[in-house]
Amino acid sequence: MSAPGTPQTQEALSAVRIDGRTIGSWRQPAGEAELAALLAEANGRGQSVIPMGGRSHLDWGNPPRSSDIGLSLAGMDQVVSCRPDDMLLTVQAGCTLHRIQEELAAHRQFLPVDPEAGPESTIGGLVAVNAYGPMRLQHGRLRDHILGIRVVTAEGARTKCGGQVVKNVSGYDLSKFYAGSLGWLGVFTEFHLKTAPLAEYACSGRIRQSDFSALQRIGQQILDRGLAPRSQVIAPGRVLEATDPAGVPEEALELAVQFAGHPESVAWQCRQVSELAGPLAGEAIRWVEESAGDPFWQRISRFGFDSRSPDDVLLKVIAPFSLTADLLRECRAFSERSGRPFTWLCYAGCNLLWVLFPRRAAEDGSWAELASWLETLRRRLRTRRAELILARAPRELKELFEVWGVEGRPLELMLQIKKQLDPKSILNPGRYVGRQ
Amino acid sequence: MSTDKETRKKSASELPPAVLGELRKIVGAENVLTDPVDLLVYSCDAITYHQQSPAAVVFPADTSQTAAAVRLLLENDIPFLPRGSGTGLSGGALPLPGSVVLQTSHMNRILSADPENRMAEVQPGVINSFLTKALEPMKLHFAPDPSSQVAAVLGGNIAENAGGPHCLKYGVTGNHVLGLEVVLGDGTVAGLGSPWGDAAGLDLVGLFVGSEGTLGICTQATLKLTPLPQAVQTLLIGFPRLEEAGRTVSQIIAGGIIPAALEMIDHNGIEAVEQSVYAAGYPRDVAAVLLVEIDGFQAGLEEQAQRIRAIAEANHPSVIRMARNEEERARLWAGRKRSYGAQGQLAPDCLVQDVTVPRSLLPEMLEEVYRIAEEYDLHISNCFHAGDGNLHPHLLFDRRDKALTNRVLEAAGQIVKACLARGGTISGEHGIGVDKLPYMRLVFSEEDLEVMRRLRSVFNPRNLCNPGKLIPEPEKCESRQFGADAA
Ligand SMILES: Cc1cc2nc3c(=O)[nH]c(=O)nc-3n(C[C@H](O)[C@H](O)[C@H](O)COP(=O)(O)OP(=O)(O)OC[C@H]3O[C@@H](n4cnc5c(N)ncnc54)[C@H](O)[C@@H]3O)c2cc1C
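My aim in this report is to walk through the structure given alongside it, one point at a time.

Rules of the game
- Residue positions are given per chain, counted from 1 along the sequence in the order it is written.
- Labels follow written order: the first chain is A, the first ligand is 1, and so on.
- At least 70 in pLDDT is required for a residue's local features to be given in this predicted model, at least 80 for side-chain atom pairs to be given and counted, and no such filter applies to totals for whole chains, interfaces and linings, which use all residues.
- Only hydrogens and water are set aside when side-chain values are computed; all heavy atoms of the structure are taken into account.
- As a rule, the C-alpha atoms of each element are fitted with a line to give its axis, helices using only the stretch in contact, and angles between N-to-C directions run from 0 to 180 degrees.
- Secondary structure follows DSSP: runs of H or I at least 4 residues long count as helices, runs of E at least 2 residues long count as strands, and numbering of each begins at the N terminus.
- An angle counts as roughly parallel when it lies under 35 degrees, as roughly antiparallel when it exceeds 145, as roughly perpendicular when it falls between 65 and 115, and as oblique in every other case.
- Note: crossing handedness is left-handed where the near helix turns anticlockwise from the far helix by less than a right angle, and right-handed where it turns clockwise.
- Any two residues having at least one pair of non-hydrogen atoms within 4.5 Å are treated as being in contact.
- Gly is placed with the polar residues, together with every amino acid not listed as nonpolar (Ala, Val, Leu, Ile, Met, Phe, Trp, Tyr, Cys and Pro) or charged (Asp, Glu, Lys and Arg).
- Relative accessibility thresholds used throughout: buried, under 20% of the residue-type maximum; exposed, over 50%; partly exposed, between the two (1.4 Å probe, protein chains only).
- Two strands form a pair only when DSSP identifies at least two bridges running between them.
- Summed over both partners, buried area is the accessible surface (1.4 Å probe) that two parts give up on being assembled.
- For this document, the term salt bridge refers to a Lys or Arg side-chain nitrogen within 4 Å of an Asp or Glu carboxyl oxygen.
- Polar contacts, as counted here, are pairs of nitrogen or oxygen atoms within 3.5 Å of one another; within protein the pair requires one atom able to donate a hydrogen and one able to accept it, and residues that are adjacent in sequence qualify only if both atoms are side-chain atoms.
- Distances are taken per atom, and a residue is near a molecule or strand as soon as one of its heavy atoms is within 4 Å of it.
- Note that accessible areas follow from Shrake-Rupley with a 1.4 Å probe, and for residues the cover is restricted to the protein chains shown.

### Quick look at the packing of helix α7 (residues 212-224) of chain A against helix α9 (residues 263-277) of chain A
Residue and element names in this part refer to chain A. Contact geometry of α7 with α9 gives a least axis separation of 10 Å together with a crossing angle of 135°. For the element pair α7 / α9, the angle class is oblique. The two elements α7 and α9 cross, and the hand of that crossing is right-handed. Here α7 contributes I218, Q221 and I222 to the contact with α9, which in turn contributes V273, L276 and A277. The class makeup of the residues in the contact of α7 with α9 is five nonpolar, one polar and no charged.

### Side note on the side chain of T222(B)
Following the sequence through the fold, T222(B) ends up in strand β10 (residues 216-224). A residue is classified by how much of its surface remains accessible, and T222(B), at 1% relative accessible area, is buried. Residues within four places of T222(B) in sequence aside, it is in contact with R385(A), M119(B), A120(B), E121(B), H176(B), V177(B), L178(B), G179(B) and P195(B).

### Overview of the pairing of strand β16 (residues 343-347) of chain A
Residue and element names in this part refer to chain A. In terms of burial, β16 is a largely internal element, five of the five residues being buried. The side-chain alternation of β16 yields two buried faces, one formed by T343, L345 and Y347 and the other by W344 and C346. Pairing analysis gives two bridges linking strand β12 (residues 231-236) to β16, with the strands arranged antiparallel. Residue V233 lies in a different strand from β16, and its bridge partner there is Y347. Pairing between β16 and strand β17 (residues 352-357): five bridges, direction antiparallel.

### Looking at the interface of chain A and chain B
Each side of the interface is counted separately: chain A has 74 residues, and chain B has 87 residues. Here chain A and chain B share an interface that buries about 6400 Å² over both sides, 58% of which is from carbon and sulfur atoms. Ranking the residues of chain A by area buried against chain B places K167(A), V169(A) and Y172(A) at the top, with a combined share of 15%. Our enumeration of links across chain A and chain B arrives at 11 salt bridges. In this structure, the salt-bridge partner of R409(A) is D186(B), at a minimum N-O distance of 2.8 Å. Between chain A and chain B we count 31 residue pairs in polar contact (both at pLDDT 80 or more) in total. Contributions of two or more residues to the side of chain A that touches chain B are made by α2 (32-45), β8 (158-162), α6 (174-178), α7, α9, β15 (313-318), β18 (387-392) and α14 (408-421) of chain A. At eight residues, α14(A) tops the list of elements feeding residues into the side of chain A that touches chain B. Its residues placed into classes, the side of chain A that touches chain B shows 36 nonpolar, 17 polar and 21 charged.

### Remarks on the sheet that holds strand β9 (residues 186-194) of chain A
On the basis of which strands lie adjacent, the open sheet formed by five strands has the order β4-β5-β9-β7-β8 (chain A) and antiparallel pairing. In the strand order of this sheet, the two ends are held by β4 (79-83) and β8 of chain A, each with one partner. Geometrically, the sheet is characterised by an average inter-axis angle of 15° between neighbouring strands, direction not taken into account. Of the strand pairs in this sheet, β4(A) and strand β5 (residues 88-92) of chain A are connected by four bridges, and their pairing is antiparallel. Looking across to β5(A), one finds that V79(A) is bridged to V91(A). Along the sheet face, helix α17 (residues 446-459) of chain B touches β7 (146-153) and β8 of chain A and points at about 70° away from the line of β8(A).

### Notes on unusual backbone geometry
Phi is positive for R385(A), close to 60°, though the residue is something other than glycine. Along the polypeptide, R385(A) turns up in the loop between α12 (368-382) and β18. The backbone of D377(B) shows a phi angle near 55°, a positive value even though the residue is not glycine. Relative to the elements of secondary structure, D377(B) occurs in the loop between α14 (362-375) and β18 (380-384). You can call D377(B) exposed: its relative accessible area is 59%.

### Let's talk about the side chain of S121(A)
Residue and element names in this part refer to chain A. With respect to the helices, strands and loops of the structure, S121 is situated in the loop between β6 (109-110) and α4 (123-128). A relative accessible area of 1% places S121 in the buried class. If sequence neighbours within four positions are ignored, S121 has contacts with G54, S56, C95, T96, L97 and L126.

### As for the site of the ligand
All names here are of chain B. In the vicinity of the ligand, 35 residues are found, and the nearest of them are P82, G84, G86, T87 and S148. Contact distances for the ligand include 3.1 Å between an oxygen atom and a backbone N or O atom of V153. Note that an oxygen atom of the ligand is positioned 3.4 Å from one of the side-chain N or O atoms of N466. When the free accessible area of the ligand is taken as 980 Å², the share hidden by the protein chains comes to 96%. Secondary-structure elements contributing two or more residues to the shell around the ligand are β3 (80-83), α6 (154-160) and β10. With five residues, the single largest contributor to the shell around the ligand is α6.

So this is what it looks like as structure tokens:
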């Protein structure tokens with residue numbers, strides 16, 4: 001099957017593994033009609049299909065139960081139309097985020113998400129994981145910028161939802177609903193996206209301190225004063241420092257905050273931060289003016305993804321900001337007990353904490369201790385309506401500890417939805433909630 | 001459908017006495033209405049040309065009463081529907097014959113407000129503006145501000161995914177809902193979403209918001225709160241020519257400015273407002289005014305206002321005025337937000353159309369609306385969310401004049417079609433309900449609709465929860481197979 005787009009070399013494809021599993025055969029449809037026919041056929045035969053974009057998040061989710069067909073969307077990578085006056089962009093699902101940002105930059109616009117995304121990451125794949133990066137604080141997740149989607153169902157029906165307008169309540173709001181569904185309900189083929197103006201000016205400040213609660217207080221006050229940072233994170237200094245991380249004292253922590261927008265308003269907000277942090281900041285705040293795509297924030301969005309080691313364990317904890325100190329204490333206690341070092345990054349203001357247990361030099365393959373600690377932690381978090389998701393982990397751990405942690409009535413509903421939209425369960429079987 | 005005595009009597013007697021008795025046990029006898037006169041209030045929402053008396057109206061006090069009532073009605077095959085304040089403009093709260101209305105107005109408590117985490121726990125019967133008022137001391141507000149906010153309740157806002165003038169900057173209701181407690185159409189209770197904003201798995205909250213009561217009944221919600229802006233500036237700009245008002249709208253947005261609100265009122269709209277008790281002091285010798293509000297920090301706001309002025313000035317306005325104080329600002333807004341009510345003195349009935357087009361096509365679409373008005377010999381005015389491309393042509397009529405009513409309905413359909421021809425959609429914020437149901441097939445294929453029906457069947461398997469709304473039923477009776485005609 002020949003198609004335009006990124007050529008996929010045979011070796012590259014045959015090397016692809018999903019949690020150790022190889023792909024039966026590869027298909028790369030050139031358009032939606034071909035894709036629909038392909039899915040209808042696979043559905044008829046009960047063959048499993050793993051849709052793929054840039055393959056950057058293939059280790060996301062539980063291990064697949066089967067993987068008969070690898071479905072590459074690389075043949076559908078076009079920008080369909082760009083209407084800067086309407087702040088509207090229509091692209092095929094295989095279009096990369098890089099290409100989208102390049103296209104929009106020419107009109108001083110952008111798609112306001114900054115997720116971990118390699119040059120090959122496609123919009124389809126990123127919507128499937130509802131991607132975001134640190135600018136989530138101001139701009140939300142990818143779902144918030146989708147106006148309409150074309151979706152081919154598991155049975156091969158070509159469907160659409162939403163449209164090209166910014167306000168739309170015609171039918172269920174499926175464009176939002178499909179975001180984050182991990183290619184489990186259908187294969188996306190095209191998106192109408194809402195773009196945003198590029199900020200005129202951006203400025204970031206960093207405050208170093210060894211006391212987490214002092215930084216947390218500053219972070220909370222920034223929000224309480226009604227300031228509107230684009231991004232705000234707290235992490236060990238070594239995580240944030242690019243040039244010489246080892247030179248940063250181990251106990252040093254940093255809060256990094258970015259404001260973007262009108263220069264006067266940015267400057268005023270920076271002054272507010274300097275003022276409120278003054279007595280707590282220890283050393284002076286370092287303010288740096290920035291352009292779009294600043295490497296500092298790009299590095300932050302890559303946290304936990306930098307090393308491609310399949311033995312890294314990355315946790316995503318969704319819990320109130322005020323609980324972060326307690327969570328870190330628990331992580332430290334476990335780390336000391338188990339001899340597993342860890343590092344972390346907190347999206348302050350988004351109720352999100354990333355915890356990374358990097359692959360150990362001598363990984364002994366025994367994951368039971370970690371799994372049982374995670375189980376306890378998840379149960380405890382649940383009492384606060386908080387959640388723990390295993391964002392990246394080796395298959396062995398995922399077999400012991402289910403990735404998503406959805407249960408009860410919501411799980412039942414999700415499984416029934418799956419049954420309705422993909423009755424034979426051919427799309428990404430096993431990878432999503434309830435190991436389905 | 002009719003409201004004559006015949007129907008009213010019939011409705012009241014439709015409920016089996018045993019069911020009525022059980023309902024009274026569940027919610028208390030005083031919380032069940034069956035008297036035909038009492039039921040009249042619940043026979044329609046704000047579009048009064050669809051009317052049908054329910055069989056009964058029940059006022060549950062909480063989730064468990066709601067769930068018990070739903071289970072009882074399911075056991076007896078009786079259709080039911082949730083209702084908020086009945087300000088809906090698509091007939092979403094219109095009962096089908098023999099339905100029981102579950103009126104949420106007794107669930108009207110703000111359960112908690114948490115300024116640190118910027119969220120509030122509310123019951124569905126809380127009036128939108130009451131919440132915002134209660135939050136004022138914390139310098140927070142609930143950002144979605146439908147023009148009906150003094151009457152509409154949060155449950156209704158959630159069910160319709162309501163918008164409002166300030167949704168241009170802050171987003172529609174869906175952007176402000178974190179979690180929900182719902183009694184599903186199958187009588188079970190489910191907690192959806194997470195107060196911390198990012199529940200694992202499918203986005204069930206996102207699906208429920210805007211589902212118009214067809215998936216279940218929201219009995220509690222966790223809402224996201226937004227800080228009140230430090231400073232606000234409101235500009236009134238009048239244009240002798242409509243195209244130039246429209247062009248100004250696109251140019252402001254394309255210029256990288258996202259105002260908090262960007263509304264347009266045309267000449268007829270201005271006249272209606274100025275002749276009413278809501279007179280806002282809009283200039284009367286213009287084709288349209290724009291109401292532009294910017295908010296944020298004091299720093300930089302003045303320059304933004306200057307930029308908006310500069311864009312407007314290049315489009316030959318006849319008036320540019322800035323509200324000098326909060327009182328002036330409130331007056332300008334009252335005129336806009338009461339524009340629908342202001343039509344009341346001009347004609348007994350008013351159909352508000354609600355369609356959206358890509359912003360740059362606003363001037364062209366408005367031209368078309370006027371052409372249609374002329375063709376059908378109608379009085380039309382326009383007061384709408386221009387920044388979102390969301391038009392609200394108001395078509396005035398008198399329901400007793402059958403010929404005129406028919407012309408209005410036909411013209412409303414023509415407006416929908418004109419909008420679709422320009423890449424727009426059939427509803428921006430008022431929903432589909434029963435009123436727009438016939439247009440759904442102009443937008444969606446049978447396959448698209450089948451996806452929605454299958455999703456509905458998960459939550460509302462017997463389709464007894466607000467049947468006949470939002471999704472047209474299959475044309476053929478047999479259940480459709482997907483992919484049968486996929487090429
Ligand atoms: C003058 C005027 C101005 C308006 N301006 C705007 C505007 O600016 N923006 C806008 O978006 N809309 C506007 N509307 C429309 C309307 O006010 C909104 O749709 C509002 O959200 C409806 O709320 P309600 O409480 O009146 O709901 P109702 O009319 O009672 O019900 C609406 C729908 O919601 C369902 N429902 C109600 N409560 C629940 C619940 N607890 N759980 C599940 N489903 C439920 C009902 O079954 C029905 O389908 C306006 C209406 C009027 C009359």
